[in-house]
Amino acid sequence: MPPKKGRGRKSRKPKGREEAPADARSDAVRDRDDGRDVGADFALPETRTIIPEDQVKLSEKEMDEDVTRVLTANDPNVPANIIVFHYKDREYKRLPPGPSDHVVFHLELDGACLHIESDAAKAQLARQRQREEEEEERKKAVRAALAEVGDDVDVDAAESGKNQFNYSERAAQTFNNAVKQRGVTTEPPETKVFGATVSQWEVYDSYMDEWERVQHEADIDKGPRRPAAMSVKASAGGGGDDDDVIHSAAMGKSLRIMERMVNQNAEDEIYQDFKYWEDASDQFRDGEGSLLPLWRFADGRTRRKQVTALAWNPAFPDLFAVGYGTYDFMKQGSGLICVYSLKNTSHPEFMFTTDSGVMCLDFHPQHHALLAVGCYDGTVKVFDVRKKENTHIFVSDIKTGKHTDPVWQVSWQEEDLAKDLNFFSVSSDGRVANWIMSKNELKMETVMLLKLVNSSAEEPDEETSLTGLAGGSCFDFNRMTEHLFIVGTEEGRIHKCSKAYSGQYLETYDGHHMAVYAVKWNTYHPRVFLSCSADWTVKLWDFASAAQKPPTTYATPEVNDAVSDVVWSPQNATLFASVTCDGRLQVWDVSSLSPVVNLVVTYTKEECDILSKQPGYSAAAAGGAGGEGGEGGEGGATDAAKKHEKKLPSPGDKKTLSTVSFAHNAPVLVTGDSVGKVDVYRIVGIEETAKSLDEQVEKLTQAVSSLEM
């Protein structure tokens, strides 16, 4: 049957392509060995290219051209022109495509979990119950049929999968070893119940002791090994590297005790006077006393420095710290801290150095080894006197806060709510700051800005008008009310302030017309305090009546220089001492306007020889003959240098006293001078017997009342 037209292969042949002739195909499939023609049995498949009718026809040039396509992550199926009405702006806006519009789910399967109360779940449970019922009916029918036949086959057992014809139950029995028991009876270990309260410092000290022990063991392991002969000798003698008796802590303690014994034997007469000396002439001097010089503490490294601060240790009554620096701006250098003991007057117990001069220091009342120090460059530091190293444990810096002017006084206070140790400081930059020892840094909090208070008659100077702050020079906290404190300023005013309200002053007292160098609350009375100033006076204040009457002034005609320090006696509520820059040490009783002790301290020949070797002193007074040099050149430079020189004192000239302090529980008075020496005096004739707090307050109240009459 002939093929239909238009349905064969030839009807789909593309244009431009001709079919190969039959002879060419037959030659291609001819066997090369025998020349037999196999074209009648096999034909090669034909390859045809079908071009769609709607395909774009391109030229050869267009086909050779490269077309660049850029692939992006944008989904073309996501609508990008959705317009909605925005009710807030009252207009139509286009919504941007959301973050989830580009998510494509490659695989999505429907879960098979159904809610138990849904219709589908109920239908499924119904079908399951129906199948169970049908299965039970089938088993019943099988049991009935087997019962009629008389066969006892268990229908349920037949469905277990076991072969019921050749299966038999088998069991194996093994020999069990006999059980052995063993018990041991011992006495219970001894136990003790122990309880203690551990502070942060005890934990720190324990950690440091353990760390030092580990470091010591590591140093021993790294150290050079001794020869065998030495090891044998050490073993025979019972000692080794760990039993170095000469350099042990016990030997150091023994040597310190021995040194104190030798020193006290050498100065036995002075120690006997310290305990028992009495001046027979005191009975003829009614109301007056005397001072017996006992010791003078000095060290070779303190000759060119001034004594700037004194602080007694609250736990060890024989121990006190001395700060060394200088008040001269042109002679600033390093500072020094020496901790002396009355039991050993030959050498300081501890010594620390600072980069800047020490201006003030204070021992912590509870943690007795902590010593707060204020320096001339505005830095405050905290030392631990128990440490062997000459380094501080806390220091202020620019990051955590720092004063920009000298720190004139520091004072420890009660711990805050966070139980962090803290102390306060006052500086010439016009700030009273609180320093908190937190972990490994010292944080600064400004408690009070000393704003300037000018009277109507005064006009502020240029510097004051720019800063608006008064330079703080001293402060003191009330013993009875811990939040109350007073601040003395370089302008001569005293401000009563509170830690609870730092916005402004509670009261301002005008009594001095020059810088206030020290303010001290009375140890027993909550309202009475003292102040001393560069105007040569000491004033007694009672802030309850300060607005109605002026303060009581204590001054003597022979005092012609500034009063540098004043301090209350801790045993006598009415007794206080003051020192002046013209070498006078005066002890006062509140009830008398004349000092009960008036001592003049002068330079010795040895001190004058030491000063002559120091720069800044000359035999001629400043402003005298300028030498042979004329203006300019070396002679002019020499004249300029001589303007800053001081006159060399002669033996017998009055010495500058800078600070004074009473011992806590002994009739001892300590003073510091401008040549780095500390003098210790015994108070004779005006000692106070122990009295209660109420008796001390009553005694001071009567003394103040007697001055008003």
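Predicted, not measured: the structure shown is a model, and the values here were computed from it.

A.B. asks: Quick question: what am I supposed to make of the pairing of strand S2 (residues 91-94) here?
C.D. replies: Looking along a regular strand, one sees the side chains alternate between the two faces of the sheet. Across 4 bridges, strand S1 (residues 83-86) lies against S2 in antiparallel orientation. Along S2, the bridge assignment pairs Phe 85 with Tyr 92. Linking S1 to S2, which pair antiparallel, is a turn of 4 residues; within it Arg 90 sits at a positive phi near 55°.

A.B. asks: Would you mind going over a nonpolar patch on the surface with me for this structure?
C.D. replies: Taken together, Ile 257, Met 258, Met 261 and Val 262 make up a surface patch of nonpolar side chains, about 380 Å² in accessible area. Secondary-structure assignment places Val 262 in helix H7 (residues 249-266). For Val 262, a relative accessible area of 51% translates into the label exposed.

A.B. asks: Looking at this structure, how should I read empty space enclosed by the protein?
C.D. replies: It is the rolling of a water-molecule-sized probe over the atoms that shows where space remains empty. All chains considered together, the criterion is met by 3 cavities of 30 Å³ or more. In this model, the largest cavity occupies a volume close to 100 Å³. Residue lining of the largest cavity: 11 residues in total, with Leu 540, Trp 541, Asp 542, Lys 549 and Pro 551 positioned closest to the centre. If one sorts the elements of the lining of the largest cavity by residue count, strand S22 (residues 538-542) sits on top with 3 residues.

A.B. asks: I tried to follow the packing of aromatic side chains on my own but got confused; where do I start?
C.D. replies: The relation between two aromatic rings is expressed through the spacing of the ring centres and the mutual angle of the planes. Summed over all chains, the structure comprises 24 aromatic pairs. Aromatic side chains Phe 297 and Tyr 340 sit 4.9 Å apart centroid to centroid with 50° between the ring planes, which places their arrangement in the tilted category. Of the two residues, Phe 297 is situated in strand S3 (residues 290-297) and Tyr 340 in strand S6 (residues 335-341); the sequence distance between them amounts to 43 residues. With respect to burial, Phe 297 and Tyr 340 carry one shared label: buried. Measuring from centroid to centroid gives 5.6 Å for Tyr 509 and Trp 541, while their planes differ by 50°, and the two rings are tilted. Separated by 32 residues along the polypeptide, Tyr 509 in strand S19 (residues 507-510) and Trp 541 in strand S22 bring together distant segments of the chain. By relative accessible area, Trp 541 is classed as buried at 4%. Each member of the aromatic cluster is reached from another via a ring pair, and the members are Phe 297, Trp 312, Phe 320 and Tyr 340.

A.B. asks: Looking at this structure, I do not really get the confidence of the model for the chain. What am I missing?
C.D. replies: Low-confidence regions, as indicated by low pLDDT, have predicted coordinates that should not be scrutinised in detail. For the chain, the mean per-residue pLDDT works out to 78, and 77% of the residues sit at or above 70. Counted against residues more than four places away or in other chains, residues 1-33, with its pLDDT under 50, gives 20 contacts. Here residues 226-241 is modelled with pLDDT under 50, and outside its nearest four sequence neighbours on either side it reaches 8 contacts, counting other chains as well.

A.B. asks: Help me understand the environment of Asp 355 in this model?
C.D. replies: Along the polypeptide, Asp 355 turns up in the loop between strand S7 (350-354) and strand S8 (358-363). Residue Asp 355 is classed as exposed on the basis of its relative accessible area of 69%. Here Asp 355 is in contact with Gly 333, Ser 334, Gly 335 and Lys 381, once residues within four sequence places are set aside.

A.B. asks: Honestly, unusual backbone geometry in this entry has me stumped. Any pointers?
C.D. replies: Leaving glycine out, the prevailing phi sign among residues is negative, and the prevailing peptide bond configuration is trans. With a phi angle near 55°, Arg 90 is a residue other than glycine that sits in the positive phi range. Position of Arg 90 relative to the elements: it lies in the loop between S1 and S2. Despite not being glycine, Trp 536 shows a phi value in the positive range, around 75°. Positionally, Trp 536 belongs in the loop between strand S21 (528-533) and S22. Judged by relative accessible area, which is 39%, Trp 536 ranks as partly exposed.

Parameters at a glance
Residues numbered from 1 in each chain as written. Predicted model: local features only at pLDDT ≥ 70, side-chain atom pairs only at ≥ 80, totals over all residues. Heavy atoms only, no water. Pairing = 2+ DSSP bridges. Helix = DSSP H or I, 4+ residues; strand = E, 2+ residues; numbered from the N terminus. Patch = residues over 30% accessible without salt bridge, like charges linked within 9 Å, V, L, I, M, F, W, Y side chains within 5 Å. Areas by Shrake-Rupley, 256 points an atom, 1.4 Å probe, with all protein chains shown as cover. Salt bridge = Lys/Arg side-chain N within 4 Å of Asp/Glu carboxyl O. Buried < 20%, exposed > 50% of the residue type's maximum accessible area, 1.4 Å probe, protein only. 1 Å grid on protein atoms, 1.4 Å probe; cavity = no way out; pocket = protein on both sides within 12 Å on 5 of 7 lines; lining within 4 Å. Points joined across faces, edges and corners; volume = space filled by probe spheres on them. Phe/Tyr/Trp six-rings, centres within 6.5 Å; stacked < 30°, edge-to-face > 60°. pLDDT = per-residue confidence, 0-100. Contact = heavy atoms within 4.5 Å.

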